[in-house]
Amino acid sequence: MASVDLKDNLLGISWVDSGWVPILNPGNVLDYFSERSNPFYDRTCNNEVVKMQRLTLEHLNQMVGVEYILLHAQEPILYIIRKQQRQSPTQVIPLSDFYIIAGVVYQAPDLGTVIGSRVLSAVHGVQSAFDEAMSYCRYHPSKGYWWHFKDQEEREKAKPKSKKKEEPSSLFQRQRVDTLLLDLRSKFPPTFYQPKPGEKPIPVEVKKEPEPPAEVVKQEEREPAPKPSAPAPPSKPPPEKRARLQ
């Protein structure tokens, strides 16, 4: 496959002659395109022969070779010129197109160039993504592979820290509270209930369990029994009176 010479690739250049821009029109745009400083113009074309012989452009149909024609004109800003190979008065082969926008001449890319450029851009993007991904990849025999995003850590440090919203309670706490509320409700039932919203609450009759009768404690059992008194000593008779000796 023959290598492409960069000098033959005119897709990356443009040409303009500011002196012609204000007066461009469909009648003189080919003369503007045939300027000697225009790199897109071929000097060996039939237009140059007609110009040197001072003939009209209608004679191009009777000639064989490369020629330039005005394909489309949208005054005052857009003109499209086609380069073609004429083989007969009714048969031509398009070679390339050129468009003039505000006096600036560009070469229109062909379909192969457009597809090649898109494929090259896609491959470059994929390759850049792989290169960037590999720069974050780390490996250690004991840890294996992992990702290390240093730039992301620096960005996160630079961002203002936002307070995390704390959950009001956990699932365990909610279940525990519900259990306690049910226990309290069974112990202390509500005294009113509302059958429908907007209606007056109705008191609830709470049946109290009868308390067991208190055992009657005998007074005798409550009062402690008097302690038995010690037995009185036996009474002695008064001593006998003895006669007094004179």
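All of the points below concern the structure found in this document. (Residues numbered from 1 in each chain as written. Predicted model: local features only at pLDDT ≥ 70, side-chain atom pairs only at ≥ 80, totals over all residues. Heavy atoms only, no water.)

### Re the side chain of glutamate 67
The test is simple: Strands here are runs of E lasting at least two residues and helices are runs of H or I lasting at least four, both read from the DSSP assignment and numbered beginning at the N terminus. Polar contact criterion, stated in full: a pair of N or O atoms within 3.5 Å, where within protein one must be able to donate a hydrogen and the other to accept it, and residues adjacent in sequence count only if both atoms are side-chain atoms. Any two residues whose heavy atoms approach within 4.5 Å at even a single point are treated as in contact.
Note on placement: glutamate 67 falls in strand S1 (residues 65-74). Looking at glutamate 67, its side chain comes within polar contact range of the side chain of glutamine 84, at 2.7 Å. Within polar-contact distance, the side chain of glutamate 67 engages the side chain of arginine 86 at 2.9 Å. With sequence-adjacent residues up to four places away left out, glutamate 67 is seen in contact with Asn46, Asn47, Leu60, Arg82, Lys83, Gln84, Arg86 and Val92.

### Points about the sheet that holds S1
Heads up, the rule is: DSSP calls a pair of strands paired once it identifies at least 2 bridges connecting them. Comment: axis = line fitted to C-alpha atoms, over the contacting stretch for helices; angle = value between 0 and 180 degrees taken between N-to-C directions.
Strand order in the open sheet made by the four strands is S1-S2-S3-S4, with antiparallel pairing throughout. Single-partner strands in this sheet number two, and they are S1 and strand S4 (104-107). Taken pair by pair, the neighbouring strands of this sheet meet at an average axis angle of 30 degrees, ignoring direction. Sheet analysis places strand S3 (residues 91-101) next to S4, joined by four bridges and oriented antiparallel.

### Let's talk about a nonpolar patch on the surface
Note the following rule: Like-charged residues are merged into a patch within 9 Å and nonpolar side chains (Val, Leu, Ile, Met, Phe, Trp, Tyr) within 5 Å, provided each residue has over 30% relative accessible area and no salt bridge. Computed with a 1.4 Å probe, the accessible areas rest on the Shrake-Rupley method; for each residue, only the protein chains presented here act as cover. Within this document, salt bridges are pairs made up of a side-chain nitrogen of Lys or Arg and a carboxyl oxygen of Asp or Glu, the two lying within 4 Å of each other. Relative accessibility decides the category of a residue: with a 1.4 Å probe and only protein chains considered, values under 20% of the type maximum give buried, values over 50% give exposed, and everything between is partly exposed.
On the surface, Leu111, Ile115, Val119 and Val123 cluster together into a nonpolar patch covering about 390 Å² of accessible area. Accessibility expressed as a relative area gives 46% for valine 119, which makes it partly exposed.

### As for the side chain of asparagine 28
With respect to the helices, strands and loops of the structure, asparagine 28 is situated in the segment before helix H1 (29-33). What asparagine 28 contacts, discounting residues up to four positions off in sequence, is Trp20 and Ile23.

### Describing the pattern of salt bridges
Should the charged atoms of two oppositely charged side chains come close, the side chains can pair. Per the counting criterion, the structure on display carries two salt bridges. Note that arginine 82 is salt-bridged to aspartate 97, the shortest N-O span being 2.9 Å. In this pair, arginine 82 sits in strand S2 (residues 78-88) while aspartate 97 sits in strand S3, placing the two residues 15 residues apart along the sequence. In this structure arginine 82 comes out as partly exposed when scored by relative accessible area, which is 22%.

### Topic: the nonpolar core
Applied cut-off: To form a nonpolar core, buried Ala, Val, Leu, Ile, Met, Phe, Trp, Tyr and Cys residues must be joined to one another through side-chain atoms within 4.5 Å.
Judged by nonpolar contacts, the single largest core of 18 residues is most densely connected at Tyr32, Phe33, Phe40, Tyr68, Ile81, Ile100 and Val105. Those elements that provide at least two residues to this core are H1, S1, S2 and S3. Sort the elements by how many residues they give to this core and H1 lands first, with four residues. In contact with phenylalanine 40, other than residues within four places in its own chain, are Leu10, Ile13, Ser14, Trp15, Phe33, Tyr68, Phe98, Val105, Tyr106 and Gln107.

### Some remarks on the packing of aromatic side chains
Selection rule: Pairing of aromatic rings covers Phe, Tyr and the six-membered ring of Trp, with a centre-to-centre limit of 6.5 Å; geometry is then stacked below 30 degrees between planes, edge-to-face above 60, and tilted otherwise. Criterion for a charge above a ring: Lys NZ or Arg CZ within 6 Å of the ring centre, and within 35 degrees of the ring normal.
Per the stated rule, a full pass over the model turns up ten aromatic pairs. An angle of 45 degrees between the planes, with centres 6.5 Å apart, marks the rings of tyrosine 68 and phenylalanine 98 as tilted. With tyrosine 68 in strand S1 and phenylalanine 98 in strand S3, this residue pair connects regions lying 30 residues apart in the sequence. Pair check on accessibility: tyrosine 68 and phenylalanine 98 agree, each one buried. Positioned above the aromatic ring of tryptophan 146 is the side chain of lysine 143, whose terminal nitrogen or guanidinium carbon lies 5.6 Å from the ring centre.

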